[in-house]
Amino acid sequence: MFKVAVIGASGLLGRAIVRELVSETDWQVVQTGLRHVGPQQVALDVRDEAAVDAFVAREAPDAIVLAAAERRPDVCENDPAAARALNVDAVRSIARAARPRGAWVLSISTDYVFDGTQPPYRDGDTPNPLNAYGRSKLEGERALLEASSHALVLRLPLLYGPVVDWQESAVTSLVPAVLASSQPDAPAAAMDAWATRYPTFTPDVAFAIRELLMRCADGHAVCGIAQWSGDEPMTKYQIAQRLARALGVNARLLAQTRPADATPRPRDCHLDSSRLEGLGIGRRTPFDAAIGAVLGGFEARSGTAA
Ligand SMILES: NC(=O)c1ccc[n+]([C@@H]2O[C@H](COP(=O)([O-])OP(=O)(O)OC[C@H]3O[C@@H](n4cnc5c(N)ncnc54)[C@H](OP(=O)(O)O)[C@@H]3O)[C@@H](O)[C@H]2O)c1
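Bear in mind the structure is a predicted one, so any value in this text is a computation, not a measurement.

A. Layout of the packing of aromatic side chains. Applying the stated criterion across every chain yields a total of five aromatic pairs. With a centroid separation of 5.0 Å and an interplanar angle of 65°, the aromatic rings of F2 and W27 are classed as edge-to-face. Taken together, the residues span a long stretch of sequence, with F2 in the segment before β1 (3–7) and W27 in the loop between α1 (12–24) and β2 (28–33) at a distance of 25 residues. On the basis of relative accessible area, W27 is assigned to the buried category, the value being 15%. Aromatic ring contacts, followed pair by pair, group Y160, F201 and F287 into a single cluster. Its guanidinium or amino end placed over the ring of W228, R284 lies 4.1 Å from that ring's centre, counting from NZ or CZ.

B. Layout of the side chain of S181. On the secondary structure map, S181 appears in helix α6 (residues 175–181). For S181, a relative accessible area of 2% translates into the label buried. Among the polar contacts made by the side chain of S181, one reaches the main-chain carbonyl oxygen of V178 at a distance of 3.0 Å. The contacts of S181, once residues within four sequence positions are left out, are A186, P187, A189, N250, A251, R252 and L253.

C. Spotlight on unusual backbone geometry. P119 connects to P120 through a cis peptide bond whose omega is -5°. Within the secondary structure, P120 sits in the loop between β5 (104–110) and α5 (132–147). Residues other than glycine seldom take positive phi values, yet A60 does so here, at roughly 45°. Despite not being glycine, D185 has its phi angle at roughly 65°, a positive value.

D. Representation of helix α7 (residues 202–217). Under the 1.5 Å per step criterion, the end-to-end length of α7 is 22 Å for 16 residues, consistent within 8% with the ideal 22 Å. Of all 16 residues in α7, 13 are buried, a share of seventy percent or more. Just downstream of α7, G219 is the residue with a positive phi angle, here 85°.

E. Representation of the site of the ligand within the structure. In the vicinity of the ligand there are 27 residues, among which S10, R35, H36, Y133 and K137 approach most closely. Note that an oxygen atom of the ligand is positioned 3.0 Å from one of the backbone N or O atoms of G11. At 3.4 Å from a nitrogen atom of the ligand is found a main-chain nitrogen or oxygen belonging to L44. Within the complex, 92% of the 910 Å² of free accessible area of the ligand lies under protein. The dominant element in the shell around the ligand, judged by the number of residues it contributes, is β5, at three residues.

F. Local environment of the nonpolar core. Counting residues in each nonpolar core, the largest one holds 57 residues, and the members touching the most others are L106, L154, I209 and L213. Among the elements that make up this core, the one with the highest residue count is α7 (seven residues). Apart from the residues lying within four places of it in its own chain, the contact partners of L213 are F2, V4, L21, W27, A63, V65 and W104. Core analysis: the second largest hydrophobic core is formed by 23 residues, V56, L86, I94 and A151 among them.

About the criteria used
Residues numbered from 1 in each chain as written. Predicted model: local features only at pLDDT ≥ 70, side-chain atom pairs only at ≥ 80, totals over all residues. Heavy atoms only, no water. Phe/Tyr/Trp six-rings, centres within 6.5 Å; stacked < 30°, edge-to-face > 60°. Helix = DSSP H or I, 4+ residues; strand = E, 2+ residues; numbered from the N terminus. Buried < 20%, exposed > 50% of the residue type's maximum accessible area, 1.4 Å probe, protein only. Lys NZ or Arg CZ within 6 Å of the ring centre and 35° of its normal. Polar contact = N/O pair within 3.5 Å; in protein donor to acceptor, adjacent residues only side chain to side chain. Contact = heavy atoms within 4.5 Å. Expected span 1.5 Å × (residues − 1). Near = heavy atom within 4 Å. Areas by Shrake-Rupley, 256 points an atom, 1.4 Å probe, with all protein chains shown as cover. Core = buried A, V, L, I, M, F, W, Y, C linked by side-chain atoms within 4.5 Å.

Structural data, given as structure tokens:
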């Protein structure tokens, strides 16, 4: 039976991938986490090369989906060496462990490998990351493709989906400020209206990854670099407006027209998804429907939202 290892299965994207694979396939799915290991998961620190080797030798997966990373730009900026250990060196170790066993490796990367000045970006366009996160992910892409030709880099933009806390995604992290600004006499919440983002729903990414894994299982693995993106451009200010509407609150929002982040961020990294579209791969859930499901699900579990 086809066997997939999902590394980083406890994270925002990893959970969506596992949910998709377990509900839609009869494949064997092995899941790893580190600090938030669930009952179906094993702990694996991907910075430990010997542990990675032992894991791949023991499980002998046909495919590995690598969703473990340090994805917070500010954390990467403050400790680039720690970011490289996870986003570059660990990718190389996994690819090296997979190669002799013929396992296909799909590793997740980011639109932040581009500088955001000339969108849309095709998968072959020249990257020029502006921050330590983007640089580490670009080095990780190169480490993967140097170590194995039976591998795919999948670049993604801003993700959102079912969360266990608001801070898990840069979309839902706006919810507390949106809610606070809707209280009587509360000050307006400043929101970035400078950078354009393309929020992408994690279950849609998981759907595309399942389709990619099906090609691998059929002996037609897609290799090299591919990209997938939502197609609704939005600034964080506009995301906050749509969150307020979905939450049914009258938020007071202030559009910030200049970048205010300490870490430099690109202005518009719209990723061209035509390689996967050309293969008939992918699905896009409209933002309002998807965010409604995310907010409703969170409220039902925790009673924390509006
Ligand atoms: N989130 C976004 O908006 C976004 C946008 C574009 C691309 N991406 C990329 O998408 C991928 C998934 O991101 P995400 O948002 O799902 O991240 P996340 O929620 O922060 O999850 C990160 C995962 O990595 C695991 N992990 C962290 N350190 C580890 C280590 N040393 N060894 C093994 N596992 C480790 C975590 O496990 P524990 O929690 O159990 O410790 C968790 O499962 C990343 O490659 C990221 O760069 C994310």
